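Fold and geometry: a report
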Amino acid sequence: MKLSRRTILQGAGSLPFAIASLRTGALAQTAPAAQSAEVPPILFVHGNGDYDALWMTTLWRMESNGIARDRMMAINFTDPNARSDDKVEQANRSSTEDQRRELAAAIAELKRRTGASRVALVGSSRGGYAIRNVIKNGGAADVSHAVLCGTPNHGVFATDDQPNSEFNGRGAFLRGLNEGESEVTPGTAFLTLRSDGMDKYAQADGRFIGKPGTSTGVTVEGPELKGATNLVLGALDHREVAFHPRAFREIYKFIVGREPARIAIVPAQSVGLSGLVTGTPGGVPTNRPVAGATVDIFRVDPETGERKGNAVHSAKTGADGRWGPAQVEPSWSLEFVLTSPDAPITHIYRSPFARSSDVVHLRAARPLGTADKDAGAVVIMSRPRGYFGLPRDVVLLDGKEPKDVKPGVPTDSATTLRLPASEIGRNIVAQFGEERIVARPWPASENRIAIAELTY
């Protein structure tokens, strides 16, 4: 029986929560209530082209509600980008079977590490495909809960084009996952989280996938599954339905069985940071480690972006691509300088890290291109855990709304500012909502790029 729509999010703390609604399929499952000792270990699964670092703020919120860090894990798929044809090998890209195999190994490792009989899985976008694939093909006994955030369960498109794309709702992969009266696997409790119209991969118009005026064959309800608990989180975008505080609340409630005690992240007294340096071989982002890269970290003035003394940490990566650990204070604004082989020197400015993290991954900026040839300096404002929505969000780079961010459905997670050489000496303010980062431009003539990378 399908339940009527009702409001489920009333807000938490000072966050302005939007209305969300509940949709339940005919065979809807309810996650069992759990006491702290009974909360299963949680494995987070990133999406197409992404990495485990996107779950950093979610991990912090979980820790702030008493979930031990050693009972959580985030997978880093070796090659996070999908193939254009799932059946044909492509350099530095993965098939659905590649992802299923890597996720199955991560589940086994988390079970071994914690001694638990079952784990909970939380996936963003394509990560939900790997979760469903593992569960459907023999893994249901290992998985207590499956949370799919913005997963295009019925395709990014459902047409006769690209029949072997895993994102085609008419393709063999998704037809196999969705066959039967119920689209979920018995024995595992399923939750889907979706946007109410702001997900660029759940749109009827093909303009968001490069085919304007062409029907995709999918709707905003595409992420829902028959047999799952399906929640609508209002006007969040494709990534926010996984990484936004609203999404955290529902993920926590579903797995733990009660409201989180807090939504805000509780700052730690001291912070240790470490991570991985990765690259883009052949222009394709991967999570393969880069050896021989140097990472220098500076404390900077939050109002000017100027360095406050010498580097607080310097490291050179070995074969594993790891840098760190670095000890910093939770009040420090930071500049990471990444010098990676065959890439621009990348100056990454970050707002203070509230808690420790071992997934502070660094990837060099893209090479300077034709559009940059007349620029004295290039500054990029990047939002990895969401998109810029105009007029939904406050988005300001150097005091102005960026012209390269399209209004309406949020589709852009980065915006670029090009400055004449005469302006290299001044600072640039990147503002998104309440998060503010001050960056310093660096000479493009020295093959340098600055990035103001948002955390929230």
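Because the structure is a prediction, the values reported are computed rather than measured.

**Points about the environment of Ile 75**
Within the secondary structure layout, Ile 75 lies in the loop between β3 (72-74) and α2 (96-114). When near neighbours in sequence (up to four residues on either side) are disregarded, Ile 75 contacts Leu 43, Phe 44, Val 45, His 46, Asp 52, Glu 102, Leu 103 and Ala 106.

**Structural notes on the confidence of the model for the chain**
Of all residues in the chain, 92% have pLDDT values of 70 or greater, and the mean over the chain is 92. For the stretch residues 1-21, pLDDT sits under 50, and the model shows 51 contacts to residues farther than four places along the chain or on other chains.

**A few points about the side chain of Arg 239**
For Arg 239, the location among the structural elements is in the loop between β7 (229-232) and α5 (240-243). Non-local contacts of Arg 239, meaning those with residues more than four positions away in its chain, are made with Asp 50, Arg 383, Pro 384, Arg 385, Gly 386, Tyr 387 and Ser 413.

**Some points on the sheet that holds strand β11 (residues 322-328)**
Within the open sheet, the 3 strands sit side by side as β11-β8-β14. Their pairing is mixed. At either end of the open sheet lies a strand with only one pairing partner, and these are β11 and β14 (362-363).

**Considering the environment of Asn 168**
Relative to the assigned elements, Asn 168 resides in the loop between β5 (143-149) and α4 (172-178). Contact partners of Asn 168, with chain neighbours within four places excluded, come to Gly 155, Phe 157, Ala 158, Thr 159, Asp 161, Gln 162, Pro 163 and Leu 174. Of note is the side chain of Asn 168, whose polar atom sits 2.7 Å from the backbone oxygen of Asp 161.

**Examining the packing of aromatic side chains**
A complete count under the given rule lists 9 aromatic pairs for this structure. Measuring from centroid to centroid gives 5.5 Å for Tyr 129 and Phe 173, while their planes differ by 70 degrees, and the two rings are edge-to-face. With a gap of 44 residues between them, Tyr 129 in helix α3 (residues 127-139) and Phe 173 in helix α4 connect regions that are remote in the sequence. Under the relative-accessibility criterion, Phe 173 is labelled buried at 15%. Their ring planes at 70 degrees and their centres at 6.1 Å tell us that Phe 336 and Phe 353 sit as a pair that is edge-to-face. One end of the pair, Phe 336, is in strand β12 (residues 333-339); the other, Phe 353, is in the loop between β13 (345-350) and β14, and 17 residues separate them in sequence. Using a relative accessible area of 0% as the deciding quantity, one classes Phe 336 as buried.

The rules behind the values
Residues numbered from 1 in each chain as written. Predicted model: local features only at pLDDT ≥ 70, side-chain atom pairs only at ≥ 80, totals over all residues. Heavy atoms only, no water. Helix = DSSP H or I, 4+ residues; strand = E, 2+ residues; numbered from the N terminus. Contact = heavy atoms within 4.5 Å. pLDDT = per-residue confidence, 0-100. Pairing = 2+ DSSP bridges. Polar contact = N/O pair within 3.5 Å; in protein donor to acceptor, adjacent residues only side chain to side chain. Phe/Tyr/Trp six-rings, centres within 6.5 Å; stacked < 30°, edge-to-face > 60°. Buried < 20%, exposed > 50% of the residue type's maximum accessible area, 1.4 Å probe, protein only.

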